[in-house]
Amino acid sequence: MDSSLHEIWQTAPGSPFLPTVGKGSQFLVAFILLLLGLSLTGAFALNRSLVKLPILGVPASLAIAFGTVYMFCAVGVYV
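**What about the overall build of the protein chain?**
Link 1 in the chain: A tally of helices and strands in the protein chain yields 3 helices and 0 strands.
Link 2 in the chain: If you list the helices and strands of the protein chain from N to C, you get α-α-α.
Link 3 in the chain: Computed over the C-alpha atoms, the radius of gyration of the protein chain is 19 Å, more than 25% above the 12 Å expected from 2.2 N^0.38 for a compact globule of 79 residues.
Link 4 in the chain: By principal-axis analysis of the C-alpha atoms, the protein chain measures approximately 60 × 30 × 15 Å.
Link 5 in the chain: The burial tally for the protein chain puts 16% of its 79 residues in the buried class.
Link 6 in the chain: Contacts in the protein chain between residues far apart in sequence, at least 24 positions, make up 66% of those at least 6 positions apart.
Link 7 in the chain: Accessible surface, the protein chain as shown: approximately 6,200 Å² in total, 74% of it carbon and sulfur.

**Comments concerning helix α3 (residues 52-75)**
Given 3.6 residues per helical turn, the α-helix brings residues three or four places apart onto the same face.
Link 1 in the chain: The end-to-end C-alpha separation of α3 is 33 Å, in line with the 34 Å expected for 24 residues at 1.5 Å each.
Link 2 in the chain: What α3 keeps buried is the set Leu 56, Gly 57, Ala 60, Ala 63, Gly 67, Met 71 and Cys 73.
Link 3 in the chain: Elements that come into contact with the buried residues of α3 comprise α2 (26-46).
Link 4 in the chain: At the exit of α3 stands Gly 76, carrying a positive phi of roughly 100 degrees.

**Comments concerning a nonpolar patch on the surface**
Link 1 in the chain: Among the surface-exposed residues, Phe 27, Leu 28, Phe 31, Ile 32, Leu 35, Val 69, Phe 72, Val 75, Val 77 and Val 79 lie close enough to one another that they form a single nonpolar patch of about 980 Å² accessible area.
Link 2 in the chain: Among the secondary structure elements, those contributing two or more residues to the nonpolar patch are α2 and α3.
Link 3 in the chain: Here the nonpolar patch takes 5 residues from α2, the largest share from any one element.
Link 4 in the chain: Assessed through its relative accessible area of 39%, Val 69 is described here as partly exposed.

**Quick notes on α2**
Link 1 in the chain: With 21 residues, α2 extends 30 Å between its outermost C-alpha atoms, agreeing within 8% with the 30 Å of an ideal straight helix rising 1.5 Å per residue.
Link 2 in the chain: Regarding α2, the residues found buried are Gln 26, Ala 30, Gly 37, Leu 40 and Phe 44. For α2, the angular spread of the buried residues around the axis is 105 degrees, confining them to a single face. Those residues of α2 that are exposed and angled more than 90 degrees off the buried face are Leu 28, Leu 38 and Leu 46.

What counts and how
For every chain, the first residue of the written sequence is number 1, and numbering continues from 1 onward in sequence order. At least 70 in pLDDT is required for a residue's local features to be given in this predicted model, at least 80 for side-chain atom pairs to be given and counted, and no such filter applies to totals for whole chains, interfaces and linings, which use all residues. Side-chain measures were taken over the full set of non-hydrogen atoms in the model, leaving aside hydrogen atoms and water. Numbering of helices and strands runs from the N terminus, with a helix taken as a DSSP run of H or I at least four residues long and a strand as a DSSP run of E at least two residues long. Only C-alpha atoms enter the radius of gyration; for comparison, a globular chain is expected to reach 2.2 Å times N to the power 0.38, where N is the number of residues. Between buried and exposed lies partly exposed: a residue is buried under 20% and exposed over 50% of the maximum accessible area for its type, with that area taken using a 1.4 Å probe on protein chains only. Contacts are assigned to residue pairs with any non-hydrogen atoms lying within 4.5 Å of each other. Per-residue and other accessible areas follow the Shrake-Rupley method at a 1.4 Å probe size, with only the shown protein chains counted as cover for residues. One less than the residue count of a helix, multiplied by 1.5 Å, gives the span that helix is expected to have. Only residues whose relative accessible area exceeds 30% and that form no salt bridge enter a patch; like-charged residues are grouped when within 9 Å of one another, and nonpolar side chains (Val, Leu, Ile, Met, Phe, Trp, Tyr) when within 5 Å. Basic side-chain nitrogens of Lys or Arg form a salt bridge, by our definition, when they fall within 4 Å of a carboxyl oxygen of Asp or Glu. An arc is given here, and it is the one of the directions from the helix axis to the C-beta atoms.

Spelled out as structure tokens, the structure:
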């Protein structure tokens, strides 16, 4: 096990980490996710029902959650 870990350590500089969303576009992605989350929250607040919860409520909370994390990363607060 130690030898394979050592091999991974040696080959790591040859393959740097490339994030899915680049640093330059994190602010735009965060802003769109937060705007989408707030819009879905508003739509859910107008007509609350058990049927609308998985259609509007869950995607709204996920969009706000991921948008917040991306906004933190975009402005330099790393989590």
